[in-house]
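Per-entry structural report
Here is what each chain is made of, one letter per residue.
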Amino acid sequence: MRTPEMSLAEKLWQVNWGLLLLLALIGMVGFALLYSAAGGRMEPWAMRHAVRFGIFVGVLLVIALVDIRIWMQLAYPIYGLAFVMLVAVDVLGVIGMGAQRWLDLYFIQLQPSELMKIGLVLALARYYHHVSAENIGRITHLFVPLGLIVAPVALVMVQPDLGTAMMLILSGIGIMFIAGVRLWKFLLAGLAVAGAAPVAWSMLREYQQNRILTFLDPERDPLGAGYHITQSKIALGSGGLFGKGFMQGSQAHLNFLPEKQTDFIFTMLAEEFGMVGGLVVIGLFVCVLLYGFAIALRSRNHFGRLVAMGITLTLFLYIFINIGMVMGLLPVVGIPLPLVSYGGTAMLTVLAACGLLISVYIHRDVTTNRSGSPFS
């Protein structure tokens, strides 16, 4: 029996406005911190952050209102487009901060590796939507998803961007596990990777090796490779329980804290608002993740369920890696804090992903038929 089509008004009524409110609150936190990072000025970061957020929320709503069946049909083309853009980066890419990661589209500098995070989730979800439960565990059905993961990871590593490459690997493996691939296969692959670690180490750039060595021993080069994390820890500790107050953070405003508007913005938050402020923001992110899990569990179609879980996992990796990085629990790899750090492509990626989440929620009652047509 075919699911009745919903009107535009019915879809708007179904939009998860609670999730949108959480995203808006997180975006406001980012606006306030960027205002503080600029010394109480709207430029160069806060105003652009607010304008981008308003525009990209419109993109989110458009994505959310599109039928989930259409997103399934577009899954491979979106992945393919992101892949072509990754290839184009090597030829036409803009170099910034020592890396070639951006395409200059005149009105925006786009980072295709960010868009690939969505493209990979969609492509893997579509692939596993058509694979029966009996075939998921077969070795022959691992080649395609592994190829979908390895191909963009190889291009991202050339840029080089170790953080994004790790996110693609972890989110891809996570979707494979959620789809039903047995744990022992991942453990076996992990042992193979561990055995190849010396070869992988030799392929890393010198600065990437230094980041890992600094993570293991931050004091080995406190004025060089270890400077970022040392200053971050000082700022985190100086904030105490309630912080020094808005725009009163000494490490950030005396420019001891590098990249305070992007990768290390959570450190500035903790310095100005203390552990309590940090926990409040983490609480907002946890609520977004809980929404994602709830949407996945309520979806009656397999594709939507995998998309929702994949996007939720991707958002978790953004948050976990960024906060772990600035606290010295993970190597510094350049992952932004969603909707808080300054950056257009990352914000577009996160809000577009949340648009897909809401689309899954709106079309949650569209049922799945794995063996026949995609949806009944």
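To start, this report covers the structure provided alongside it. Everything numeric in this text was worked out from a predicted model, so none of it was measured.

Definitions and cut-offs
- Residues numbered from 1 in each chain as written.
- Predicted model: local features only at pLDDT ≥ 70, side-chain atom pairs only at ≥ 80, totals over all residues.
- Heavy atoms only, no water.
- Helix = DSSP H or I, 4+ residues; strand = E, 2+ residues; numbered from the N terminus.
- Buried < 20%, exposed > 50% of the residue type's maximum accessible area, 1.4 Å probe, protein only.
- Areas by Shrake-Rupley, 256 points an atom, 1.4 Å probe, with all protein chains shown as cover.
- Core = buried A, V, L, I, M, F, W, Y, C linked by side-chain atoms within 4.5 Å.
- Phe/Tyr/Trp six-rings, centres within 6.5 Å; stacked < 30°, edge-to-face > 60°.
- Lys NZ or Arg CZ within 6 Å of the ring centre and 35° of its normal.
- Salt bridge = Lys/Arg side-chain N within 4 Å of Asp/Glu carboxyl O.
- Expected span 1.5 Å × (residues − 1).
- Arc of directions from axis to C-beta.
- Contact = heavy atoms within 4.5 Å.
- Axes fitted to C-alpha atoms, helices over the stretch in contact; angles between N-to-C directions.
- Parallel < 35°, antiparallel > 145°, perpendicular 65-115°, else oblique.

**Let's talk about the overall build of the chain**
- In terms of helices and strands, the chain carries 16 helices and 3 strands.
- Per-residue burial for the chain yields a buried fraction of 50% across its 376 residues.
- If you sum the accessible surface of the chain, you get close to 17000 Å²; carbon and sulfur atoms cover 71% of it.

**Some points on the nonpolar core**
- One finds Leu23 and Tyr128 to be the most contacted residues of the largest nonpolar core, which totals 103 residues.
- By residue number, the principal contributor to this core is helix α15 (residues 302-326), which donates 14 residues.

**A closer look at the environment of histidine 302**
- For histidine 302, the position within the fold is in helix α15.
- By relative accessible area, histidine 302 is classed as buried at 9%.
- In the structure, histidine 302 is positioned 62 residues away from arginine 364 in sequence and 10.0 Å away in space, judged by C-alpha atoms.

**Remarks on the environment of phenylalanine 316**
- Structurally, phenylalanine 316 can be placed in helix α15.
- We classify phenylalanine 316 as partly exposed; its relative accessible area is 37%.
- In the structure, phenylalanine 316 is positioned 22 residues away from proline 338 in sequence and 9.7 Å away in space, judged by C-alpha atoms.

**A closer look at the packing of aromatic side chains**
- What the rule picks out here adds up to 5 aromatic pairs.
- Positioned over the ring face of tyrosine 361 is arginine 364, at 4.2 Å from the centre of the ring.

**Topic: unusual backbone geometry**
- A cis amide bond, omega 10°, links glutamate 43 with the succeeding residue proline 44.
- By the secondary structure assignment, proline 44 is in the loop between α2 (17-37) and α3 (46-65).
- Despite not being glycine, methionine 247 has its phi angle at roughly 65°, a positive value.
- Turning to its location among the elements, methionine 247 is positioned in the loop between α12 (227-239) and α13 (250-253).
- The exposure class of methionine 247 is partly exposed, given its relative accessible area of 28%.

**Quick word on the pattern of salt bridges**
- If you walk through the whole model with that rule in mind, you get 4 salt bridges.
- Two residues, arginine 69 and aspartate 67, come together in a salt bridge whose shortest N-O distance is 2.7 Å.
- Note on arginine 69: relative accessible area 11%, which makes it buried.
- Among the ionic pairs, glutamate 271 bridges to lysine 244, the shortest N-O distance being 3.5 Å.

**Some points on helix α7 (residues 143-158)**
- With 16 residues, α7 should cover 22 Å at 1.5 Å per step; its first-to-last C-alpha distance of 22 Å lies within 8% of that length.
- The complete set of buried residues in α7 reads Pro145, Leu148, Ile149, Pro152, Val153, Leu155 and Val156. Buried positions in α7, seen along its axis, are confined to an arc of 165° and lie on one side of it. Facing away from the buried side of α7 by more than 90 degrees, the exposed set consists of Phe143 and Val150.
- Residues of α7 that are buried make contact with α5 (75-92), α6 (112-129) and α8 (162-179).

**Details of the packing of α6 against helix α16 (residues 344-362)**
- Following both chains from N to C, one finds α6 and α16 inclined at 25°, their axes separated by 8 Å at the closest point. The orientation of α6 relative to α16 falls into the category roughly parallel. Packed against α6, whose contacting residues are Glu114, Leu115, Ile118 and Leu122, the element α16 presents Thr345, Ala346, Thr349, Ala352, Ala353 and Leu356 at the interface.

Taken by themselves, the reported measurements are silent on function.
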